[in-house]
Amino acid sequence: MTFMLMEPSNQTFQELIGNGVKYQVPRFQRDYAWDREQWEDLWVDIETLGEEQYHYMGYIVLQRKSQHDFAVIDGQQRLVTLSLVILAAMRNLQILVAKGQDAAANQERLQVLTGRYVGSKNPISLKVDSKLSLNRNNSANFKALCSLLAVPNKRGQTYTNKLLNKCFTFFAEKNLGDSGQAIAEFIERVTSGMVFTKIVVQDDLNAYKVFETLNARGVQLSTPDLLKNALFSVATKNAALSDDDLDELDESWSEIVSQLGESNFTDFIRYHYHFQAPLVTKKDLFAAIRKRLDTPEQAYQYLASLSYYAPVYASLLNPQDDWWGNQAVAYREAKKYLLAFELFTVKQPLTILMAAFREFTPEEFVTLSKYLYALTVRYTIICHLSPNEQESAYNQIAIKIHTKAFTRASHVKNSEAFKKLYPSDAAFANAFEFHKMPSRRAAKQIRFLLAEIEAYLGHKTDCDKTTLEHICPYHPDAEWDSYFGEGINDIQDRLGNVVLMAKDDLKRSGFTEKKAAYRQGHHPLARQVATYERWDLASLNAYQAWLAQQAVATWQVPYS
């Protein structure tokens, strides 16, 4: 399959709009949403065109429907707002005509500008057949603005249409020129100065690939819109739905996106897919979803599934969410494990937990969370093993939970997929024994890990109410240099060189003074360090080897 119909090209707004081409915002794409902040930013950009010839407006992704018709896949907010700028300027021309100021010439200017940038007028109704057509919620209001060059006088306008009207008024009140010639020059300057990179694709599968490519390069496009268009197109296929039905679909989708936020949406779609079907790559995900959605019934089932799991996923990401207060009390025991995933920004277990939330009892869900937490510390945080193998194994486990082949946490821990990932005690201890973490960037994570070991040793430690104490200071003096010599810079970030303390008052004190403070405190790890006569490389190695054995017991999945 050819990836694109044409290479990306740079075009001005005038070149995009000022021809016989028509653009349609897909029926189910999001409503107009820009507000005053974006309008003001655009106006600042427009004002720079007096000093600079061009201003870059970013990518616009189009899908060719026929030779002269395109669907706007990404870029509608910018296209619509620039169109409203032109309409606002034309409104000012219309006012000059009404005042009799150079009326004939200005009326002629209006006719030329309407044909070039707005569309052709029906000679009977005087309504405009717009070059740019918006979605079903904005279409009528935008057409009225194009035809009237004024805000339509209607009651009960929706929020999104109020934004369209306010945008038109915002720019109409700017100084766009005090004569017909000046206004026409303003329009020429804006339309020839705003430059887009135009990408044209054949179908929504290619559009999705463009989105993924551009997003990977840091150009954030709206992936939820693309999936919504595809899903709703299937849902409404062969069915004449009422406006109420369409509104209900829209509301369902809006709720899903609002639960997640766009930044989490794509990950949610991946994890949601991967507890139901075999693993696919990111670039093949959209095609895989489309393949499973052939009928309106399948589309509705998929939408219902997204609606159910969106709050689950969002709340797994945020263990402090008040959503948990509406769930069974037994789930609260899982909070500490979910907090650990959040702290270390680990998302891979969520595909399993999403499936388990629906299929397991709360007690089994908590136990499963504990097992996945122990595996995460061993496999991901300390051993740094392959995320690809982990994702593949988690996919297998999640599918078996979803299909009810696994109904208990023990089924998961005893599965070959889980056991294959689980580092042995020896492998984990070996990795832990010399493990380093950058204490300046990961202080909270280190405090958490050490507090967990202290909890295993019988001392309940709140990691948020402790501080990290470097035994050998981060900036050692000559006395400390004598203990470690040239290797001193290699040991500061080892887990064996830091302990938890209530306060960090010791700074660069000598080890004798530090030992006395460690003995007086209540933290078992510091008290263990105080058993060493001196703090040199041999002591550090011995202590971290002991610490590794405590870690083995702390993060343990019980096997008989």
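In the block above lies the structure referred to throughout.
Now for a quick tour of the structure. (Residues numbered from 1 in each chain as written. Predicted model: local features only at pLDDT ≥ 70, side-chain atom pairs only at ≥ 80, totals over all residues. Heavy atoms only, no water.)

## Some thoughts on the packing of helix α15 (residues 350-359) against helix α17 (residues 387-402)
No. 1: Running from N to C, α15 and α17 cross one another at 10°; their axes reach a closest spacing of 9 Å. As summarised for this structure, α15 and α17 are arranged roughly parallel, according to the angle between their axes. Note on element contacts: α17 touches α15 through Tyr394, Ile397, Ala398, Ile401 and His402, opposite Thr351, Ile352, Ala355, Ala356 and Glu359. (Axes fitted to C-alpha atoms, helices over the stretch in contact; angles between N-to-C directions. Helix = DSSP H or I, 4+ residues; strand = E, 2+ residues; numbered from the N terminus. Parallel < 35°, antiparallel > 145°, perpendicular 65-115°, else oblique. Contact = heavy atoms within 4.5 Å.)

## Considering the packing of aromatic side chains
No. 1: Under the definition given, this model contains 29 aromatic pairs.
No. 2: Among the aromatic residues, those joined into a cluster by ring pairs are Trp39, Trp43, Phe170, Phe171 and Phe186.
No. 3: The ring of tyrosine 308 carries arginine 358 above its face, with NZ or CZ at 4.0 Å from the centroid. (Phe/Tyr/Trp six-rings, centres within 6.5 Å; stacked < 30°, edge-to-face > 60°. Lys NZ or Arg CZ within 6 Å of the ring centre and 35° of its normal.)

## Structural notes on the pattern of salt bridges
No. 1: Applying the stated criterion across every chain yields a total of 14 salt bridges.
No. 2: Of the charged contacts in the structure, one is a salt bridge between arginine 36 and glutamate 40, with a shortest N-O distance of 2.9 Å. Here glutamate 40 and arginine 36 lie together in helix α2 (residues 36-48), a separation of 4 residues that amounts to about one turn.
No. 3: Owing to a relative accessible area of 48%, arginine 36 belongs among the partly exposed residues under this scheme.
No. 4: Ionic pairing is found between arginine 534 and aspartate 536, a salt bridge with its closest N-O pair at 2.9 Å.
No. 5: Owing to a relative accessible area of 38%, arginine 534 belongs among the partly exposed residues under this scheme.
No. 6: A cluster of three or more residues bridged by salt bridges with shared partners is formed by Arg136, Lys228, Asp247 and Asp250. (Salt bridge = Lys/Arg side-chain N within 4 Å of Asp/Glu carboxyl O. Buried < 20%, exposed > 50% of the residue type's maximum accessible area, 1.4 Å probe, protein only.)

## Focus: the nonpolar core
No. 1: Core analysis: the largest hydrophobic core is formed by 129 residues, its most contacted members being Trp253, Leu368, Ile401, Phe432, Tyr518, Trp535 and Trp555.
No. 2: With 12 residues, the top contributor of residues to this core is helix α16 (residues 362-382).
No. 3: Setting aside its immediate chain neighbours within four residues, tryptophan 253 contacts Pro224, Leu227, Lys228, Leu231, Phe232, Phe265, Leu303 and Leu306.
No. 4: With 57 residues, the next largest nonpolar core counts Phe13, Leu49, Leu96 and Cys146 among its residues. (Core = buried A, V, L, I, M, F, W, Y, C linked by side-chain atoms within 4.5 Å.)

## Description of the pairing of strand β10 (residues 498-501)
No. 1: Here β10 shows a buried face lined by Val498 and Leu500 and a second buried face lined by Val499 and Met501.
No. 2: The pairing of strand β9 (residues 467-470) with β10 spans 4 bridges and is antiparallel. Its bridge partner lying in β10, histidine 470 is registered against valine 498. (Pairing = 2+ DSSP bridges.)

## Description of the sheet that holds strand β7 (residues 132-133)
No. 1: The 6 strands lie next to each other as β1-β8-β3-β4-β2-β7, forming an open sheet whose pairing is mixed. Strand pairing shows two members of the sheet lacking a second neighbour, β1 (9-12) and β7, which therefore form its edges.
No. 2: Where strand β2 (residues 22-24) meets β7, 2 bridges bridge the pair, whose relative direction is parallel. Bridge pairing links glutamine 24 to serine 133 in β7.
No. 3: The strands that helix α3 (residues 76-98) touches are β3 (55-66), β4 (69-74), β7 and β8 (194-201); relative to β3, the one it contacts most, it runs at about 105°.

## Some points on unusual backbone geometry
No. 1: Unlike most non-glycine residues, histidine 384 shows phi in positive territory, near 55°.
No. 2: When you line up the elements, histidine 384 lands in the loop between α16 and α17.
No. 3: Taking the relative accessible area as the measure of exposure, histidine 384 reaches 55% and is therefore exposed.
No. 4: Positive phi, close to 70°, is recorded for lysine 404, a residue that is not glycine.
No. 5: Note that lysine 404 resides in the loop between α17 and α18 (409-413).

## Quick word on the layout of surface pockets
Any empty space left between the atoms is revealed when a probe the size of a water molecule rolls over them.
No. 1: If you add up the space inside the largest pocket, you get close to 890 Å³.
No. 2: Looking at the lining of the largest pocket, the elements that each hand over two or more residues are α14 (335-343), α16 and α21 (443-456).
No. 3: With 7 residues, the top contributor of residues to the lining of the largest pocket is α14.
No. 4: Residue composition of the lining of the largest pocket, by class: 14 nonpolar, 4 polar and 11 charged.
No. 5: Together, 24 residues line the second largest pocket, and Arg30, Asp31, Asn137, Lys228 and Ser254 are the ones closest to its centre.
No. 6: The set of elements that each furnish at least two residues to the lining of the second largest pocket consists of α5 (139-148), α6 (159-172), α9 (223-235) and α10 (243-260).
No. 7: The element contributing the most residues to the lining of the second largest pocket is α10, with 5 residues.
No. 8: Its residues assigned to classes, the lining of the second largest pocket shows 8 nonpolar, 9 polar and 7 charged. (1 Å grid on protein atoms, 1.4 Å probe; cavity = no way out; pocket = protein on both sides within 12 Å on 5 of 7 lines; lining within 4 Å. Points joined across faces, edges and corners; volume = space filled by probe spheres on them. Nonpolar A, V, L, I, M, F, W, Y, C, P; charged D, E, K, R; others polar.)

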